[in-house]
Amino acid sequence: MTEKRQFRAIKGTRDILPPDSALWNWFERTAREVFETYGFAEIRLPIFEETEVFARAIGAETDVVGKEMFTFPDPSLLDDGRFVSGWQKLKELAIAYDPGRDTMTAEMREQILSQSRVWALAAHTSILWSLEDAVKNLSSLRPEATASVARAYIEHGMHTLPGNVKLYYAGPMFRRERPQKGRYRQFYQVGAEVLGHSDAPSIDAEVLEMLLVLFGRVGLTNTRLYVNSIGCKDCRPKYVELLRTELQKVKDELGPDSQRRIETNPLRVLDSKLPEEQPIIETLPRISDHLCADCREHFAKLKDELKLRGIAYEENWRLVRGLDYYTRTTFEVTAAGLGSQNAVCGGGRYDGLVELLGGPPTKGIGFAIGTDRAILSIQEGSNLPKLPGLAVYVAWMGAKTYPTAVAIARKLRECGLGVELPPEEMKFKKSLGLADKLGARYALIIGEDEVASGTYTLKRLADADQKKLNENDLLEYLESERRSG
Ligand code: ATP
Ligand code: MG
């Protein structure tokens, strides 16, 4: 007998249900609309890529690549038939198991033989493969999308396209982090990237303008924009060395994470939120004092451009971002109502990323909005949009009215109205009760009298106001109501 089990979504993943899903769709739709007015077009990317794409682009020493990726030996990368009939072969292995020679234990063997379903999956991975094969053929669920955009830019020779290449994307990302409010293992981002020959600060400023226009449109008004410049491949390494030297001097006063980062990634120490480390970090050398002339000029021009566009910002010298590919401009936007997970958007310039992945010299800048957090903040705020829900509930009574109900429901739907047509006849009171519970704005009452006289009774459920209308007037009235929201 099959074991009775209640299945649940895996830790860190969740279902987005109605009515929230309508808010999500509206948010993403608004992002598309705004981005398209700035000349961006959508790129749809794979959900998984060769692990190497992320490892190279984001950096092997970063938290994202080092600890947070969902990585798996990927059979689709092996095309020479070594992989066929995985579990059959595994079973053979188990049968031929030699306790003196193999690392497989007797229990493992038993399990293989008894639970072939589970082990069939394992057979797709390292057990069947040599370790070498498994490691050579790793894929990862994408933890972010910029690396994939850069990979696609190269793969499709987009550097030959006229002007800057402006792309946006929306979809799920995956990181193995500790789930909490605003932090999930499957989360969603909407992001945009500009790739091309120019690194003009006006591009950075326009990208920021577009981001803030979107936040304004969706009612995320309690936001703060933080900007910084983290230098380029010429000036940053010198600063990082200086920082490392200074950090060595105060090493004993730092916690274990920061101590480790002195070696692996000193910039990340600036990210520390530990209260006891704050006074020490405040005394460290600041990158703004160590930028090369070009980077200094770039940053100054960016700030001029932001002023020109009336964009309020704060400089934050400790904003270093967690991904290795950033150069010069980095930024973050925080929003209200999110507790400690208050960053709704992160981004910056990544000149050199395309080259790192084997492409031509290319400049780039982009951002990623955390959709989960943006939605949370909108829900906590006071600017929740009124989204069109169910407009009309068609309360038909008597089998003779059904054909009229079917026909009018279709016409109303053609006008773009949300319509609920009860599939079976219901008692009048029960029917109107359901209309209320479903949150319909109107009930359209169709009884035999109405059919005979060619009119409809339209009842506004909020205040029980009733009108008798013929079909034309009804359609006209509801249309104009829909247009005015
Ligand atoms: P954080 O410091 O909060 O971990 P991050 O610097 O790792 O963020 P980015 O890689 O810059 O984040 O991603 C951009 C945005 O994506 C973040 O500002 C955040 O809104 C969102 N985000 C990142 N990780 C998660 C997650 N695990 N769950 C939900 N949203 C996330
Ligand atoms: Mg993170």
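Residues numbered from 1 in each chain as written. Chains lettered and ligands numbered in written order. Predicted model: local features only at pLDDT ≥ 70, side-chain atom pairs only at ≥ 80, totals over all residues. Heavy atoms only, no water.

Comments concerning the pairing of strand 9 (residues 327–334)
Taken across its eight residues, strand 9 has eight buried, putting it largely inside the fold. Where strand 7 (residues 224–229) lies against strand 9, six bridges are found, and the strand directions are antiparallel. Opposite Ser-229, over in strand 9, you have Thr-329 as the bridge partner. Sheet topology note: the strand 9/strand 10 (residues 343–349) ladder contains six bridges and is antiparallel. Directly across from Glu-332, in strand 10, lies its bridge partner Gly-346. (Buried < 20%, exposed > 50% of the residue type's maximum accessible area, 1.4 Å probe, protein only. Helix = DSSP H or I, 4+ residues; strand = E, 2+ residues; numbered from the N terminus. Pairing = 2+ DSSP bridges.)

With respect to the nonpolar core
Ranked by internal contacts, the top residues of the largest apolar core, which has 96 residues, are Phe-27, Phe-35, Leu-211, Leu-270, Phe-331, Phe-367 and Ile-369. In this structure, Leu-270 is in contact with Tyr-239, Leu-243, Ile-281, Leu-284, Trp-317, Arg-318 and Val-320, ignoring residues within four places of it in sequence. By size, the runner-up hydrophobic cluster in this structure holds 21 residues, among which are Ile-408, Val-419, Tyr-442 and Leu-444. (Core = buried A, V, L, I, M, F, W, Y, C linked by side-chain atoms within 4.5 Å. Contact = heavy atoms within 4.5 Å.)

Some details on the site of ligand 1
Lining the immediate surroundings of ligand 1 are 15 residues, of which Arg-175, Glu-177, Arg-183, Arg-321 and Ala-343 lie closest. Contact distances for ligand 1 include 2.8 Å between an oxygen atom and a side-chain N or O atom of Arg-175. Backbone polar atom of Cys-345 to an oxygen atom of ligand 1: 3.5 Å apart, as the coordinates give it. Here the shell around ligand 1 takes four residues from strand 10, the largest share from any one element. (Near = heavy atom within 4 Å. Polar contact = N/O pair within 3.5 Å; in protein donor to acceptor, adjacent residues only side chain to side chain.)

Points about the sheet that holds strand 12 (residues 392–396)
Strand order in the open sheet formed by five strands is 13-12-14-15-16, with mixed pairing between adjacent strands. The open sheet is flanked by strand 13 (419–420) and strand 16 (465–470), the only strands paired with a single partner. Relative to strand 15 (residues 455–460), strand 14 (residues 442–446) runs antiparallel, the two being bridged by four bridges. Paired with Leu-444 across the two strands is Leu-458, which belongs to strand 15. Across the sheet, helix 17 (residues 428–437) is in contact with strand 12, strand 14 and strand 15; its angle to strand 12 comes to roughly 170°. (Axes fitted to C-alpha atoms, helices over the stretch in contact; angles between N-to-C directions.)

Some points on the packing of aromatic side chains
Scanning all chains against the criterion turns up nine aromatic pairs. Plain terms: the ring middles of Trp-24 and Tyr-188 are 5.3 Å apart, the flat faces sit at 80° to each other, and that makes the pair edge-to-face. Of this pair, Trp-24 sits in helix 1 (residues 20–37) while Tyr-188 sits in strand 6 (residues 186–196), placing them 164 residues apart in sequence. Tyr-188 carries the same exposure label as Trp-24, and that label is buried. Aromatic pair Phe-35 and Phe-367: ring centres 5.8 Å apart, planes at 70°, arrangement edge-to-face. Here the residue Phe-35 occupies a position in helix 1, and Phe-367 occupies one in strand 11 (residues 363–370), the gap between them amounting to 332 residues. Each member of the pair, Phe-35 as well as Phe-367, carries the same accessibility label: buried. (Phe/Tyr/Trp six-rings, centres within 6.5 Å; stacked < 30°, edge-to-face > 60°.)

Here's the deal with the pattern of salt bridges
Counted by the stated rule, this structure contains 36 salt bridges. Bridged by salt links that share partners, the residues Arg-460, Asp-463, Asp-465 and Lys-467 form one connected network. (Salt bridge = Lys/Arg side-chain N within 4 Å of Asp/Glu carboxyl O.)

Description of unusual backbone geometry
The amide bond that connects Pro-18 to the next residue, Pro-19, takes the cis arrangement and shows omega of 5°. Within the chain, Arg-328 stands out as a residue other than glycine whose phi angle is a positive 50°. Given a relative accessible area of 11%, Arg-328 falls into the buried group. At Ala-464, a residue that is not glycine, the phi angle is positive and equals roughly 60°. If you trace the backbone, Ala-464 turns up in the loop between strand 15 and strand 16.

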